[in-house]
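Reading the structure
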Amino acid sequence: MSGTAESNNRKNNGDGGDENINDQDNDDQDDDNADSKKVESLLESATALHDALTEEERAEQQRKEEETRILKEASKVQTNALQAASELASGVQYTDSLPSTWSCPRYIIEQGEEQWSKTRDEWHMEVEGVDIPPPMKRFEDMRFAPPILEVLKRKGIKKPTPIQMQGLTVALASRDMIGIAFTGSGKTLTFGLPLVTVALEEELRMPLLPGEGPIGIILAPSRELVRQTYDTISEFCDEISKTPGYPQLRTQLIIGGEPVRDQVSTLQTQGIHCVVATPGRLRDILKRKAMRLDNCRFIALDEADRLLDLGFDEELGEIMNNFGHQRQNLLFSATFPKKFQDFARDTLVKPIIVNVGRAGAANLDVIQEVEYVKEDVKIPYLLQCLQKTAPPVIIFCERKGDVDDIHEYLLLKGVEAASIHGGKEQEERNEAIKDYKAGKKDVLVATDVAAKGLDFPQSVQHVINFDMPSEIENYVHRIGRTGRCGKTGVATTFINKSCDETTLLDLKHILKEARQRIPPVLMMLEDPRDHNNGAGCSYCGGLGHTIVDCPKIDKNARQVASGRKDALATGDYGGDW
Ligand SMILES: Nc1ncnc2c1ncn2[C@@H]1O[C@H](COP(=O)(O)OP(=O)(O)OP(=O)(O)O)[C@@H](O)[C@H]1O
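Residues numbered from 1 in each chain as written. Predicted model: local features only at pLDDT ≥ 70, side-chain atom pairs only at ≥ 80, totals over all residues.

1. A look at helix H5 (residues 106–122)
Of all bends in H5, the biggest is about 95 degrees, found at glycine 112. Of all the residues in H5, the buried ones are Ile108, Trp116 and Arg120. Positive phi appears at histidine 124, one or two residues downstream of H5, with a value of about 55 degrees. (Bend = angle between axes of the 7 residues up to and from the residue. Helix = DSSP H or I, 4+ residues; strand = E, 2+ residues; numbered from the N terminus. Buried ≥ 20, exposed ≤ 12 C-beta atoms within 10 Å, placed from the backbone.)

Structure representation (structure tokens):
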């Protein structure tokens, strides 16, 4: 309610309300009479309140009611992707977090809540939840095993990033969490290191036998991202395994496009501690009973909003059905629309939300440039655009056909380019990423299959969006391939009249929020936020529209109506299970 409406309300309770109070004090009066008077006066005050609202306030109130109604309706597409069917059927609800043997150093406990809040403010962390562990500025204070600290040192990782300062302590304390932080801010280690720590603890407590495991799972939406996370986790597990006095820790990569037999052989002969997987292949392996989740006590979803969205939610739900016990749930993403936050908040056990920056905001280390380029000159203009920075560069396209065309064009022009999309053989995809990561190729042309989570060690200098993605979250993920972990990057986005106006408005607000130059063509777009008190969409988080105009709601409803699989088959992620 607006301030004016509130003050009107107070006024009614004060001036007009006095009469009611007096009436009520006068108990001797006939009850019926008193009741009807009370109803009358309540009605009167409601009418007075209504009349007192200005036209504008009434419209605002109506808008809010309408938004709440749409959000409620739209959220029905949500499934129970985070709960096992057996838990739902039997009404099992866990009320306490899993027990943890981890504890804070005494000196940090003694600093107290006030100092912890100061640290959070200093590093722009927002936290929500009960009994939140303190943030810590040193990996050493988090009590990681020495081989883990050794790998961090070798990688030149000296101090935790803000999401790590708070997210790691929450995860180490075995709490369910939702972690939201901008692209390239170090989310992978925030769930990766607690997984390795849990695996080590469990192995020391009771060594795995052949056929047993995993202790923990990480899921991500693309094979390339899964492979990258697998490499990171393996590095820590390998270091532990080769350190005298420590046990062997084994990690398994589970993705489509590669033989299942190879993926379960280590499990059968030795047992595995960590699994990093795409949901479809893991679901298949569980269905075949080639793996069980009896010992699994940890599950992390990277790019969680994508995994909870249509298509992946079914696979996820089926994976969850294999749990017959409580596990620690960690959900991470740079974009996390409110509908998923609300859903996760309701499903997780005493979750803690750690937020560094607005969910869905662009990384401020990326210089964002938007250029109006006519459709028919886009390909030739690319050559000029490539001159803006030194390599490596990524060019993103919505369509697989455009990826192929641009790749061919660049090769003809003598540019060292590789390409990747969901229609290519897995081997070709692996090769493209490997060559690009190794610096053998200057340019990678890709669909959104490479937009989320991929981290290129030689620092991408420039991201070119050959077209504007239809969802603003994808824009944020795409440009997030550059400007990672404190380095600066450039992103150029081609727009023209074929672009969807709602997405352009979202783009305009992302630029405004990041204090970037807004081109005149975007300046001219009328801003619905002027009629919306500056609030964005409560469904998808886009800033340039309200839930009433949210393009995603329609799209989701259509996908549900036409059957989830069909909707997926058209996407680039279709090939990932
Ligand atoms: N504390 C740290 N100090 C320095 N570098 C770090 C630190 N933590 C992680 N990094 C490095 O920063 C890079 C980006 O990390 P990461 O891939 O985890 O980002 P992210 O937040 O998951 O991004 P995205 O949202 O795009 O998936 C990686 O190369 C990683 O090794």
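Picking up after the structure, the text goes on.
2. Observations regarding the site of the ligand
The environment of the ligand is formed by 19 residues, the closest being Gly186, Lys187, Thr188, Gly453 and Cys485. Among the elements that make up the shell around the ligand, the one with the highest residue count is helix H8 (residues 187–205) (3 residues). For the shell around the ligand, the per-class residue count stands at 6 nonpolar, 9 polar and 4 charged. Residue contributions to the shell around the ligand reach at least three from each of two domains, namely domain 1 (120–356) and domain 2 (366–558). (Near = placed C-beta within 6 Å. Nonpolar A, V, L, I, M, F, W, Y, C, P; charged D, E, K, R; others polar. Domains from an automatic or database assignment.)

3. Some thoughts on the UniProt feature "domain: Helicase ATP-binding" (unreviewed entry) in the protein chain
The feature "domain: Helicase ATP-binding" (unreviewed entry), as annotated in UniProt, sits at residues 168–354 in this numbering. Within residues 168–354, the helical portion is 47% and the strand portion 17%, while the C-alpha atoms at the span's ends are 10 Å from each other. (UniProt positions renumbered as here; feature names shortened; annotations may be inferred.)

4. Side note on the packing of helix H7 (residues 162–172) against H8
Packing of H7 against H8 brings their axes to within 9 Å, and their N-to-C directions diverge by 30 degrees. Taken as axis vectors, H7 and H8 run roughly parallel relative to one another. Between H7 and H8 lies a crossing whose hand is right-handed. Listed contacts from H8 to Ile163, Gln164, Gly167, Leu168, Ala171 and Leu172 of H7 are Lys187, Leu189, Thr190, Phe191, Leu193, Pro194 and Thr197. A per-class count over the contact of H7 with H8 returns 8 nonpolar, 4 polar and 1 charged. (Axes fitted to C-alpha atoms, helices over the stretch in contact; angles between N-to-C directions. Parallel < 35°, antiparallel > 145°, perpendicular 65-115°, else oblique. Left-handed = near helix turned anticlockwise from the far one by under 90°. Contact = placed C-beta atoms within 7 Å.)

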